[in-house]
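Secondary and tertiary structure notes
Spelled out from the first residue to the last, the chains are:
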Amino acid sequence: MFPFQRPRRLRKNEVIRRMVRETALSPDDLIYPLFVTFGKNVRKEIKSMPGCFQESVDRIVKHAKEVKGLGIPAILLFGIPRHKDECGSSAYDPHGEVQTAIRAIKDKVPGLYVITDVCMCEYTSHGHCGVIEDGDVMNDPTLELLAKEALSHVEAGADMVAPSDMMDGRVEAIRLALDSGGFTGIPIMSYAAKYASAFYGPFREAAESTPKFGDRRSYQMDPSNRREAMREVALDIDEGADIVMVKPAMTYLDIISDVKENFDLPVAAYNVSGEYSIIKAAAKMGWIDEERVMMETLISIKRAGADLILTYFAKDAAKLLNR
Ligand code: PBG
């Protein structure tokens, strides 16, 4: 004990701090979400997410090139369709916004890994993540739509699909659809422990996917539950998930850590829109140092156990890491 033990010895200067640092962040860990919309030459900033845009296919291709140029290996695509209806039929339209964007990006930005978000909420007129009956989302009929959506993304050239709907059994439904379509080699990253979180607020402006009635608490998890996350993750792995995700990230570091301890698949964490917006807003007010808070946030998510981080900060962080 003191005076022989002095932990400060290893904090004396940046060289020794670098040598004993336990966690390192790399652009390889990052996945950047992009929002594709209809039209031409559209690049509309999302008010509550400064630096993020809804973009038409022509513009998103340029953006995707920039992302790849920064050394970020992958993007996650969301779609904002021209037409919404009760059963979200644009979601599996082979000429939909996402499918068209995938083809264009695979053609013009080879080597960039394209992941798609598979969900119905951006495509349904009511904004829920599936088919509605008696005021609630019907589980099993929704599985068919999700499987069709995932297959259409992969047929367009997606490298990986990421179901975010939280229906029971959707990983298996998607796995079966992909396999029977001949896509046995396409992995599934499941939003396995996805909580019904108020931190998704700004995203719903971005994706125009706010539910018109009620909320998502009958399908997304209760933020109070920790053990249930292990059950959700175990089920998704049984059903064939290749990567399991925890979402949100900052207020769910305990869950990330539990998943990492208990399972041997790669763990992803989604640093969601509200987590991004609060940092951007406080920085704009001059109340925090944006760069340092951003890096501390991303490091904490990695330290908790995330192998991959989905984040709107990916470009800013990569720029710093490449310096
Ligand atoms: C679609 C989906 C959502 C997010 C990712 N996929 C919104 C939701 O479930 O309401 C949130 C992403 C974010 O907040 O950054 N279901």
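See above for the structure.
Read on for an overview of the structure. Predicted model, so just to flag it, every value in this text is computed and none were measured.

1. Concerning the overall build of the protein
Along the protein, the regular secondary structure elements total eleven helices and twelve strands. On C-alpha atoms alone, the protein measures out to a radius of gyration of 20 Å, which is about the 20 Å that the 2.2 N^0.38 rule sets for 323 residues. Seen through its C-alpha atoms, the protein measures out along the principal axes to roughly 70 × 45 × 40 Å. Evaluated residue by residue, the protein yields a buried proportion of 54% over its 323 residues. Sequence separation of at least 24 residues holds for 74% of the intrachain contacts in the protein that already meet a minimum separation of 6. Considering the protein, the positive charge centre built from 42 side chains and the negative charge centre built from 48 side chains are found 11 Å apart.

2. Structural notes on the environment of I309
Turning to its location among the elements, I309 is positioned in strand β12 (residues 308-311). I309 sits 39 residues away from Y270 along the chain, and the two C-alpha atoms are 5.9 Å apart. For I309, the contacting residues outside a window of four places in its chain are L25, D29, L30, I31, A269, N271, L298, I301 and K302.

3. Re unusual backbone geometry
Omega for the peptide link from F2 to P3 comes to 15 degrees, which places this bond in the cis form. Structurally, the position occupied by P3 is in the segment before α1 (14-20). The step from K247 to P248 runs through a cis peptide bond, and the omega angle for that step is -10 degrees. Along the polypeptide, P248 turns up in the loop between β10 (243-247) and α8 (253-262). A positive phi angle is found at N41, which is not glycine, with a value near 55 degrees.

4. Examining the site of the ligand
Taken together, 20 residues lie around the ligand, and K194, R204, K247, S273 and Y312 are the ones closest in. Here a nitrogen atom of the ligand sits 3.4 Å away from a polar atom, N or O, in the side chain of D117. R204 is positioned with one of its side-chain polar atoms (N or O) 2.7 Å from an oxygen atom of the ligand. Considered on its own, the ligand offers 400 Å² of accessible surface; in the complex 100% of this is hidden by protein. Of all the secondary structure elements, the ones that give two or more residues to the shell around the ligand are β9 (189-194) and α6 (201-207). Residues that form the shell around the ligand fall into these classes: eleven nonpolar, three polar and six charged.

5. What about the nonpolar core?
Judged by nonpolar contacts, the single largest core of 107 residues is most densely connected at F35, L76, L77, I105, M189, I256 and Y270. Broken down by element, the residue count for this core peaks at seven residues, all from helix α4 (residues 139-156).

6. Details of the pairing of strand β4 (residues 74-80)
The buried fraction of β4 amounts to seven of the seven residues, a majority that puts the element mostly inside the structure. The alternating pattern of β4 places A74, L76, F78 and I80 on one face and I75, L77 and G79 on the opposite face, and all of these are buried. Bridging between strand β1 (residues 30-37) and β4 involves seven bridges; their strand directions are parallel. Bridge pairing in β4 links Y32 to I75. Bridge count between β4 and strand β5 (residues 113-118): four bridges; the pairing is parallel. Bridge pairing in β5 links I75 to V114. This β-α-β element, β4 to helix α3 (residues 97-108) to β5, shows right-handed connectivity.

7. Focus on the pattern of salt bridges
A side chain of one charge can pair with a side chain of the opposite charge if their charged atoms are brought near each other. Overall, the coordinates contain 17 salt bridges when judged by the stated rule. Across the pair R17 and E14 runs a salt bridge, and its minimum N-O distance is 3.1 Å. In this pair, R17 and E14 both sit in helix α1, three residues apart, roughly one turn of the helix. By relative accessible area, R17 is classed as partly exposed at 32%. A residue is classified by how much of its surface remains accessible, and E14, at 38% relative accessible area, is partly exposed. Within this structure, E14, R17 and R21 form a network of salt bridges that share partners.

Reading the values: rules and limits
- Residues numbered from 1 in each chain as written.
- Predicted model: local features only at pLDDT ≥ 70, side-chain atom pairs only at ≥ 80, totals over all residues.
- Heavy atoms only, no water.
- Helix = DSSP H or I, 4+ residues; strand = E, 2+ residues; numbered from the N terminus.
- Rg over C-alpha atoms; globule rule 2.2 N^0.38 Å.
- Buried < 20%, exposed > 50% of the residue type's maximum accessible area, 1.4 Å probe, protein only.
- Contact = heavy atoms within 4.5 Å.
- Lys, Arg positive; Asp, Glu negative; His and termini not counted.
- Charge placed at Lys NZ, Arg CZ, Asp CG, Glu CD.
- Near = heavy atom within 4 Å.
- Polar contact = N/O pair within 3.5 Å; in protein donor to acceptor, adjacent residues only side chain to side chain.
- Areas by Shrake-Rupley, 256 points an atom, 1.4 Å probe, with all protein chains shown as cover.
- Nonpolar A, V, L, I, M, F, W, Y, C, P; charged D, E, K, R; others polar.
- Core = buried A, V, L, I, M, F, W, Y, C linked by side-chain atoms within 4.5 Å.
- Pairing = 2+ DSSP bridges.
- Right-handed = clockwise from strand over helix to strand, strands pointing away.
- Salt bridge = Lys/Arg side-chain N within 4 Å of Asp/Glu carboxyl O.

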